[in-house]
Amino acid sequence: MTDEAFDGFVDRWLERAPHLALAAGFAGDPAARRAFLAPRILLGELIEAAVAVGDERVAEVKLGWWFEEAGAWAAGTPRHPLATAISAGTASRALHSLVAALRTWLEAPTPADGVTAWRGMAAIAGPATMLAGEPSTARDAWQLQAYACALRHSLEARAPLGTVLALDVLARHELRRSQLWNLPAGQRSLLLRDTLAGVPWQVVASPPGRAAAALWALDRRRLARMARGRLDERPGPGDAWAAWRAARKAGSAL
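Described below are features of the structure shown in this document. (Residues numbered from 1 in each chain as written. Predicted model: local features only at pLDDT ≥ 70, side-chain atom pairs only at ≥ 80, totals over all residues. Heavy atoms only, no water.)

## Some remarks on the packing of aromatic side chains
- Across all of its chains, the model carries three aromatic pairs by this definition.
- For the ring pair W65 and W66, a centre distance of 5.1 Å and an interplane angle of 85 degrees mean the geometry is edge-to-face.
- A relative accessible area of 7% places W66 in the buried class.
- Centre to centre, the rings of W241 and W244 are 5.1 Å apart; their planes meet at 15 degrees, and the pair counts as stacked. Taken together, the residues span about one helical turn, with W241 and W244 both in helix α11 (residues 237-252) at a distance of three residues.
- Accessibility expressed as a relative area gives 36% for W244, which makes it partly exposed.
- When the ring centre of F6 is taken as reference, the NZ or CZ atom of R34 above it lies at 4.2 Å.
- The ring of W181 is capped by R158, whose NZ or CZ atom sits 3.7 Å from the centre of that ring. (Phe/Tyr/Trp six-rings, centres within 6.5 Å; stacked < 30°, edge-to-face > 60°. Buried < 20%, exposed > 50% of the residue type's maximum accessible area, 1.4 Å probe, protein only. Helix = DSSP H or I, 4+ residues; strand = E, 2+ residues; numbered from the N terminus. Lys NZ or Arg CZ within 6 Å of the ring centre and 35° of its normal.)

## Quick word on the pattern of salt bridges
- Scanning the model with the defined rule gives twelve salt bridges in all.
- A salt bridge links E48 to R16; its shortest N-O distance comes to 3.3 Å. In this pair, E48 is assigned in helix α3 (residues 30-51) and R16 in the loop between α1 (3-14) and α2 (18-24), connecting sequence segments 32 residues apart.
- Ionic pairing is found between R172 and D168, a salt bridge with its closest N-O pair at 3.8 Å. Note that R172 and D168 are positioned in helix α8 (residues 167-172) at a spacing of four residues, about one turn of the helix.
- Judged by its relative accessible area of 28%, D168 is partly exposed.
- One salt-bridge network, held together by shared partners, links D168, R172 and D194. (Salt bridge = Lys/Arg side-chain N within 4 Å of Asp/Glu carboxyl O.)

Written out as structure tokens, the structure is:
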């Protein structure tokens, strides 16, 4: 695998995740930027597979491939371009645990309420933090990222598989999962407000590291917009300013 393969894969992914591209600008030199992006894009890939592929058999195949990839990392023969920016040999166990956590989440029943949905992301955040080689103090920010990503996919997928949309909210709105992707704007706005009202996402503290802190600020702003009933939008000047302030504060704490 080459740097060109990594860059090509990442560039295509970042077209769909401009907030992540913005946060990566605070990572530092190119090597640091690659190390920041790789585990976060990998988490996004896995969550997308567990939520939005439309067929549980396809999701199982995709997650099964990543189980095999964890073994390839351990053997020193990684196949995925993201592995070039991750210490694959030492991260293989974390990757296996992360994929196992996603499979458990995929196979679990729909969460009963928002707090249960939020706690489900904690099991994913733990191995994701280890995969990135970051301290345990960053785990809550990884939980925030996982939740924000899963919520967006849960709303966009025609038939979401794993989901953070809780049964109590769906029941109150008299909705099935298959109805979510094409809800009228007003109904989707109410669903978002109701969903996020019961989730403690606002109490997550900023993680260490400038780029990680910038992403934390951006994820919080994305969820804040959703909590007001607004759908996910591309980052604007206010987002750039918030990311800069969070990165600056994290840098001064080093």
